[in-house]
Amino acid sequence: MGGAGGLDGGGVLDDVLTALIDAQGTVLAWSAAAEELTGRSARDTCGRPLAEQFARRPPLPGPPGARPADTESDELPAEGLLQLLGPTGAAVPVHCRLLPLEHAGAPGHRLLLAVRADLALELDQGAALLRALLAQSRIGFVLRGPDLVVERTNTAPGMPSLPGMPALPVGSTLAEVMADPDVAESQLRTVLETGRPRAARQQQVRSLTDPDKEWSVLVSAVRLEDRDGKPAGVASLLTDATAQWRAARRLELRHRAVAGIGGSLDVTTTAREIAKVLAPAFADLVSVDLAEPVLTGDEPPKASGGSDLHLRRVAMHAEGDIGPRGALRTGEAVPRLPDRPMVRRLQAGHTVVLDRASLLAGLDDPELVRLIVPARARCLAVAPLFARGLVLGTIAAWRTDRPEPFDEADAALLTEIAAHASLSVDNARRYAREHRAAVALQQRLLPRAATRTSALETAGRYLPATDGVEIGGDWFDTIVLPSLRVALVVGDVIGHGLHAAATMGRLRTAVQTLADLELPPDELLTRLDELVARLAAEADPAHRDSIGATCLFALYDPVSRQCTLASAGHPPPVVADPDGTARPLPLRPGPLLGVGGLPFETTTVELAPGSLLALYTDGLLVRQGGDLDAAVAILADRLAALAATGGSLASIGRELTTRGAAPVADDTALLLARTRALRPDAVAEWQFPSDPASVADARAAVAARLDDWGLDHLAFTTELIVSELVTNAIRYAGGPVGLRLIHDTVLVCEVSDPSNTQPRLRRARTTDEGGRGLFLVAQLSHRWGSRYGPSGKTIWSEQQLEE
């Protein structure tokens, strides 16, 4: 109480109005808080009746338990609500209390204490809220001061909130109770310094007293401020979300397993996917072992009683330093396991969880422990890859540095993921079996990879599609024809799978048959187009649109050095000339086989000896990259560079088909052919008029040339063949008559005439005077036949030379 009649307070008492009154109700002292609230100074108020400071109005309701004062009476109640006159004359509700002062020198004096009604209500509610928070059992409450030291909490030892969570005693800091407190302390300090609240943020917590256990806590924090707005501390609400956190982690792992396992139809890739999904999210180290028959596409045998499961380590995955992983490495066989209950449970399709001690006791073999158990292993969860009653393999999950042991929820989660993975592994196994059979079928349908003739040296290469795509219908073929000619064929059947491979086989057989008829390339494709249209008509209506093919047919004649080509919707071949340049040949491609109704056109080019010709399917262009035109240009440049090295055709083919590491969704067929030259004197040609006397001239010319070639031993048979063929041409076709001999690994005799009449071989009767010419030719030749040209036909025969 000041000498000037003023009372002063500090801190929380600054809002308390005080006044000293005598027995008659006269104001003797008036505090600064009273001056501020009423706007009237102590000088103006002291000495006057206190009743003048109150309004004559009905009382207002106050805090619970407060009795409204009777402002119509001059008698002041001991406690209640009063209407104090404010600076403007308006009523200000205050909660007041009148205290008697028992002093001998001041009989009847009283002390009035009053506080604004809204502040009183705020103080009462704040105290009730604090009591409620401190009494909670499922919500933690921590009140920290500006130094982040705990001042009030319901999480101290012996208190009921958050059972099992680390305790926060009063007077403690985060560093004294929590492992790795830096992140949590930084977040609280940010709230203290910025005033931005932290709402329901998840935070993982480990206690110093139990570092092997981890909790998840939802933390909400707000800054406390004093009456001047300065930071006074942080209030935090804590909720134990460990169960939800673990459930969310398991759910996320399930989603990752569904999305990340089974994307490939390769067994080994699927095993790697399993290991990568589970480590490190579920365990520190994960290994996947598969039964050896599964790796080849076969079913594993049923086994029980700890027998050898014939497992092989296929995948292992871990992140970070987990110490030695065990001596067994990827690709090695898993040793035979002992007959133990845990092995029998695995064989029955159950997941097994073991701590280190139980595992070592169950193995009971130091060598098995050295091979299988990681050095720092704490516990193991192993689940079988179980499908249709067969153990396809196992998933072993090891925790080495992670302190938490596997529990029942972990075992259930691993079982669920293993069940999904089992289906993926079994699908990959079945695909491997079917793919192996299909590839074997296709390889059987394809010709030899390399051939060598006097006209050409060829090398073929086939690559199935990668990245889980089925085999396709791409094929190549080299067909050796009479007169040293060679047909080169490349085709691509629409679609993939066994049906495409089967269609490819039928088309390849048809091309060989048509080529043996020595049809021109355009006529051959026309016949082949009719065959494909027939196949489509025989197919199921739903699959007719998927039956078709592209084809490129090239016919090379080493005598004329000309190559005649026709294309049915196929990419153009590329030729590398001996001068080091390379170019695509300018073909006029016709429609795809099976479309029908449009003709095919031929293109004839001359190829110098040593030229390198590349026929291919569109899968090779995909491997080059870019659009079609750019890929052809890249292929031409690469072919020129590889041809300049003088390497073998097989090595050039490998280089052309191994470009790019990305998977290719289409198979690839490539046929390389390098032209060769005949000896300059290997061909002799004559032309004779349609005169019977020409037969003798033809025989004489042939005998002379055979003598030059050192083939006198073939003179008699060759003269007889020539005599019969020239005689028939003069008698039935007219002239002129062409005769050509080709000396190579065989002796070829060709007789050409202007007739298109098909020669027929028949057996003459005993009394017939003629009809034995072609029969004699067939008997004296290794093989014979005929072909048609733009005008007339050619009958040819081949005789083998002695080696």
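Anyway, here's the lowdown on the structure attached to this text. Remember, predicted model here, so these are calculated numbers, not experimental data. (Residues numbered from 1 in each chain as written. Predicted model: local features only at pLDDT ≥ 70, side-chain atom pairs only at ≥ 80, totals over all residues. Heavy atoms only, no water.)

Focus: the pairing of strand β16 (residues 390-399)
Counting buried positions over the ten residues of β16 gives ten, a clear majority of the element. By the bridge criterion, six bridges tie strand β12 (residues 285-291) to β16 in an arrangement that is antiparallel. Paired with Val288 across the bridge in β16 is Ile395. Pairing of strand β15 (residues 379-387) with β16, which is carried by nine bridges, proceeds in the antiparallel orientation. Residue Ala381 lies in a different strand from β16, and its bridge partner there is Ala397. (Buried < 20%, exposed > 50% of the residue type's maximum accessible area, 1.4 Å probe, protein only. Helix = DSSP H or I, 4+ residues; strand = E, 2+ residues; numbered from the N terminus. Pairing = 2+ DSSP bridges.)

Re the nonpolar core
If you look at the biggest cluster of nonpolar residues, it comprises 55 residues, and the most contacted ones within it are Trp475, Leu488, Leu507, Leu525, Leu528, Phe553 and Leu613. No other element matches the eight residues that helix α13 (residues 498-516) contributes to this core. Discounting chain neighbours no more than four positions away, the residues touching Leu488 are Leu456, Thr458, Asp477, Thr478, Leu552, Phe553, Ala554, Leu613, Leu615, Leu671 and Ala673. In this structure, Val294, Leu309, Ala397 and Ile417 belong to the second largest nonpolar core, which totals 40 residues. (Core = buried A, V, L, I, M, F, W, Y, C linked by side-chain atoms within 4.5 Å. Contact = heavy atoms within 4.5 Å.)

Here we look at the environment of Val286
Position of Val286 relative to the elements: it lies in strand β12. C-alpha separation for the pair Val286 and Leu380, spaced 94 residues apart in sequence, amounts to 9.8 Å. Excluding residues that lie within four positions of it along the chain, Val286 makes contacts with Ala275, Leu278, Ala279, Ala315, Met316, His317, Ile395, Ala396 and Ala397.

Concerning the packing of helix α6 (residues 242-260) against helix α7 (residues 267-278)
When two helices pack together, you describe them by how their axes are tilted relative to each other and by the distance separating the axes. At a closest axis distance of 10 Å, the pairing of α6 and α7 adopts a crossing angle of 160°. When the axes of α6 and α7 are compared, the pair comes out roughly antiparallel. In this structure, the crossing between α6 and α7 has a hand that is right-handed. In this structure, α6 contributes Leu253, Arg256, Ala257 and Gly260 to the contact, and α7 contributes Glu273, Lys276, Val277 and Leu278. In terms of residue class, the contact of α6 with α7 is built from four nonpolar, one polar and three charged. (Axes fitted to C-alpha atoms, helices over the stretch in contact; angles between N-to-C directions. Parallel < 35°, antiparallel > 145°, perpendicular 65-115°, else oblique. Left-handed = near helix turned anticlockwise from the far one by under 90°. Nonpolar A, V, L, I, M, F, W, Y, C, P; charged D, E, K, R; others polar.)

Description of the pairing of strand β19 (residues 472-480)
With eight of nine residues buried, β19 lies mostly within the body of the structure. Examined bridge by bridge, β19 and strand β20 (residues 486-496) share nine bridges and lie antiparallel to one another. Looking across to β20, one finds that Gly472 is bridged to His496. Hairpin connection between β19 and β20: a loop of five residues separates the two successive antiparallel strands, and Ser483 in this loop has a positive phi of roughly 60°.

Observations concerning the layout of surface pockets
Here the largest pocket defines a volume of roughly 720 Å³. In terms of lining residues, the largest pocket is bounded by 29 residues, among which Arg485, Arg787, Tyr788, Gly789 and Pro790 are the most central. Only β21 (549-557), β22 (562-568), β30 (746-753), β31 (783-788) and β32 (793-800) provide two or more residues apiece to the lining of the largest pocket. Of the residues contributing to the lining of the largest pocket, the split by class is twelve nonpolar, nine polar and eight charged. (1 Å grid on protein atoms, 1.4 Å probe; cavity = no way out; pocket = protein on both sides within 12 Å on 5 of 7 lines; lining within 4 Å. Points joined across faces, edges and corners; volume = space filled by probe spheres on them.)

Quick notes on the pattern of salt bridges
For the structure shown, the criterion picks out 37 salt bridges. Here Glu299 and Arg388 are joined by a salt bridge, their closest N and O atoms 2.8 Å apart. Of this pair, Glu299 sits in the loop between α8 (292-295) and β13 (311-318) while Arg388 is found in the loop between β15 and β16, placing the two residues 89 residues apart along the sequence. When salt bridges with common partners are traced through the structure, they connect Glu299, Arg388, Asp426, Arg429 and Arg430 into a single cluster. (Salt bridge = Lys/Arg side-chain N within 4 Å of Asp/Glu carboxyl O.)

Description of helix α10 (residues 356-363)
For α10, every residue scored as buried is listed here: Leu359, Gly362 and Leu363. Looking straight down α10, one finds that the buried residues subtend no more than 95° of arc, so they occupy a single side. α10 presents Ala357 and Ala361 as exposed residues on the side facing more than 90 degrees away from its buried surface. Directly beyond the C-terminal end of α10, a positive phi value near 50° is found at Asp364. (Arc of directions from axis to C-beta.)

Here we look at a nonpolar patch on the surface
Where nonpolar side chains cluster on the molecular surface, the patch consists of Ile494, Leu592 and Val595 and spans about 230 Å² of accessible area. Within the secondary structure, Ile494 is located in strand β20. (Patch = residues over 30% accessible without salt bridge, like charges linked within 9 Å, V, L, I, M, F, W, Y side chains within 5 Å. Areas by Shrake-Rupley, 256 points an atom, 1.4 Å probe, with all protein chains shown as cover.)

A short note on the environment of Pro300
Mapped onto the fold, Pro300 is located in the loop between α8 and β13. With a relative accessible area of 6%, Pro300 lands in the buried category. A C-alpha to C-alpha distance of 6.8 Å links Pro300 and Leu390, two positions 90 residues apart in sequence. Once residues within four sequence positions are removed from consideration, Pro300 is found in contact with Ala291, Pro293, Val294, Leu390, Val391 and Leu392.

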